[in-house]
Amino acid sequence: MKKLLIAIIAASLVFTLSACGGESSEEKESSSKSTAASENNSSEKEDESSNEESDGTDDSDTASSTSADDAPLQASPLVYAADESSWEIENESYTDAVITSLTYIGTEVPDAAEVCNITLSSIVIPGLEEYSMDEIAPIYKDRLGLNDGMTINSEEAGEFNGYEAYSYHGIYTVGEADFDMDIIIAREGSSLMVICPMSYSDVTDAIKEQFDAVLDSVRFS
């Protein structure tokens, strides 16, 4: 089960990493779509391989041996509130994941326009409830490669909007630009969300109120 958990997390995290990587909006969209296509193709190949390997097996044996390891992944949409006059919202829906990218375009903090972003991603992983956040969070940390592009200043277990959560806080560097970035991993049962607020360091304090208004509204549907 743990190997499956790691594999699933590794696949789902590609979306989060591409969205939180600090690229321009066009580069981000291109990267996200390219990654999505790659992941979808990979999933299709895995499905085909799985079907081929299952040829000749007894259906009754297969049915009787089905466990959480074999259960299909499901999308787990999130509920949030964001003023569309202040946030450009892009949604990507997949069979097993839902990704939402919100880029600040508001006028309240002009210097923050298009350099501050919140990414919301969610997935259902059957059997996830068997693991603690202390077990899940390190997998995300390793698979995201946070130590490669992000300097982690602090991490902590706690709650996010009432959900069990684990958070990483640090600086993500893109070229000569520094971005303050948080990785918030929260779950309810087998549903998992990864929230990634990222802001150009020079405007982090100024954009906090706008960030908090969105983050405080995020819920599992």
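Check the entry above for the structure.
Residues numbered from 1 in each chain as written. Predicted model: local features only at pLDDT ≥ 70, side-chain atom pairs only at ≥ 80, totals over all residues. Heavy atoms only, no water.

## A few points about the overall build of the protein chain
So, point 1. Along the protein chain, the regular secondary structure elements total 6 helices and 9 strands.
So, point 2. The 221 residues of the protein chain split such that 40% are buried.
So, point 3. When contacts within the protein chain are restricted to residue pairs at least 6 apart in sequence, long-range pairs at least 24 apart make up 55% of them.
So, point 4. Of the accessible surface of the protein chain, which amounts to about 11400 Å², a share of 44% is contributed by carbon and sulfur atoms. (Helix = DSSP H or I, 4+ residues; strand = E, 2+ residues; numbered from the N terminus. Buried < 20%, exposed > 50% of the residue type's maximum accessible area, 1.4 Å probe, protein only. Contact = heavy atoms within 4.5 Å. Areas by Shrake-Rupley, 256 points an atom, 1.4 Å probe, with all protein chains shown as cover.)

## What to know about the nonpolar core
So, point 1. Counting 23 residues, the largest nonpolar core has Ile118, Phe160, Met193 and Ile195 as the members making the most contacts within it.
So, point 2. Put simply, the parts of the chain that give this core at least two residues each are β3 (98-104), β4 (116-124), β6 (163-174), β7 (177-188), β8 (191-200) and α6 (204-215).
So, point 3. Take this core: its biggest share by element is 4 residues, from α6.
So, point 4. If we ignore the near neighbours within four places in the chain, the residues touching isoleucine 118 are Trp87, Thr100, Ser101, Leu102, Ile195, Cys196, Pro197, Phe211, Val214 and Leu215.
So, point 5. Core analysis: the next-biggest nonpolar cluster, separate from the first, contains 20 residues, Leu128, Met133, Ala137 and Cys196 among them. (Core = buried A, V, L, I, M, F, W, Y, C linked by side-chain atoms within 4.5 Å.)

## A short note on the pairing of β6
So, point 1. When strand β5 (residues 150-160) meets β6, the two strands line up antiparallel, connected through 10 bridges. Residue pairing across strands places methionine 150 opposite tyrosine 172, the latter belonging to β6.
So, point 2. Hairpin connection from β5 to β6: 2 residues lie between these consecutive antiparallel strands, with asparagine 161 at a positive phi of about 50°.
So, point 3. Sheet topology note: the β6/β7 ladder contains 11 bridges and is antiparallel. By the bridge assignment, isoleucine 171 is partnered in β7 with aspartate 180.
So, point 4. The antiparallel hairpin formed by β6 and β7 contains 2 residues in its connecting segment, where glycine 175 sits at a positive phi of about 65°. (Pairing = 2+ DSSP bridges.)

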